[in-house]
Amino acid sequence: MRKRLIAFAVLLAIASAATAQEKQQAVKSGSGAPPLEAKVRKLWEDFKNKDKAGLAAALDDGFRQFEEGLSAFGDKKTEVNAVDEFELVTYTLSDFTIKSLGPNSALVTYIARYEGKAGGEATKGNSVFGEVWTRTGNEWKAFYMQETYIK
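Residues numbered from 1 in each chain as written. Predicted model: local features only at pLDDT ≥ 70, side-chain atom pairs only at ≥ 80, totals over all residues. Heavy atoms only, no water.

Draft legend 1. Representation of the pattern of salt bridges in the model. Within the structure shown, the criterion is met by five salt bridges. In this structure, the salt-bridge partner of Lys 42 is Asp 46, at a minimum N-O distance of 2.8 Å. With Lys 42 and Asp 46 both in helix H2 (residues 36-48), this residue pair falls four residues apart, about one helical turn. Judged by its relative accessible area of 47%, Lys 42 is partly exposed. Residue Asp 46 is classed as buried on the basis of its relative accessible area of 7%. (Salt bridge = Lys/Arg side-chain N within 4 Å of Asp/Glu carboxyl O. Helix = DSSP H or I, 4+ residues; strand = E, 2+ residues; numbered from the N terminus. Buried < 20%, exposed > 50% of the residue type's maximum accessible area, 1.4 Å probe, protein only.)

Following this line, the structure appears as structure tokens:
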């Protein structure tokens, strides 16, 4: 009996992994894939251009974020108002991976290299971003964002 349970568990794990891999490949393939890379790029461009309306439209009302070095979560209002405190001068986004988390959510990870000014001082960033995007109707919005600095 125990051997049967173990065999069943192994088969179930293999089937789950195959299904998850098929879903991930479907999101990456572009056939029906959400246009999330373009949405992320627009979000960065809206930040650079200090387009608060564009930023607000791209963020879910329950949006949360966490950046290294901070001691609390930020929300939608914090992110939209961050354009007043940080001037994004240049940026490069690369290494996008989009993984479906279900029919209405996806995990987007990528690398961002950027330069800007905060408080009149120049600053540079080299970070990995992880973002959860959710869809309501036909609209995709950023729900969660986390930045991790890389060396």
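Draft legend 2. Looking closely at the sheet that holds strand S6 (residues 139-149). Pairing is mixed across the open sheet formed by six strands, whose spatial order is S2-S1-S6-S5-S4-S3. In this open sheet, the two edge strands, each paired with only one partner strand, are strand S2 (74-75) and strand S3 (86-102). Examined bridge by bridge, S3 and strand S4 (residues 105-118) share 13 bridges and lie antiparallel to one another. Paired with Ser 94 across the bridge in S4 is Ile 111. Against the sheet, H2 contacts strand S1 (59-67), S3, S4, strand S5 (121-136) and S6, and its axis sits at roughly 160° relative to S3. (Pairing = 2+ DSSP bridges. Contact = heavy atoms within 4.5 Å. Axes fitted to C-alpha atoms, helices over the stretch in contact; angles between N-to-C directions.)

Draft legend 3. Spatial organisation of the packing of aromatic side chains. Summed over the entire model, instances satisfying the criterion amount to eight aromatic pairs. A ring pair is formed by Trp 44 and Tyr 91, whose centres lie 5.4 Å apart and whose planes are at 35°; its orientation type is tilted. Here Trp 44, found in helix H2, pairs with Tyr 91, found in strand S3; they are 47 residues apart in sequence, far enough to count as distant. The class of Trp 44 is buried, set by a relative accessible area of 10%. Between Trp 44 and Phe 129, the ring centres sit 5.4 Å apart and the planes meet at 80°, which makes this aromatic pair edge-to-face. Of this pair, Trp 44 sits in helix H2 while Phe 129 sits in strand S5; the two residues are 85 residues apart in sequence, bridging distant segments of the chain. Phe 129 matches Trp 44 in its accessibility class, with the two residues each being buried. Among the aromatic residues, those joined into a cluster by ring pairs are Trp 44, Phe 47, Phe 86, Tyr 91, Phe 96, Tyr 110, Tyr 114 and Phe 129. Directly above the ring of Phe 73 sits Arg 64, whose terminal nitrogen or CZ lies 3.7 Å from the centroid. (Phe/Tyr/Trp six-rings, centres within 6.5 Å; stacked < 30°, edge-to-face > 60°. Lys NZ or Arg CZ within 6 Å of the ring centre and 35° of its normal.)

This is a description of form; function is not addressed.
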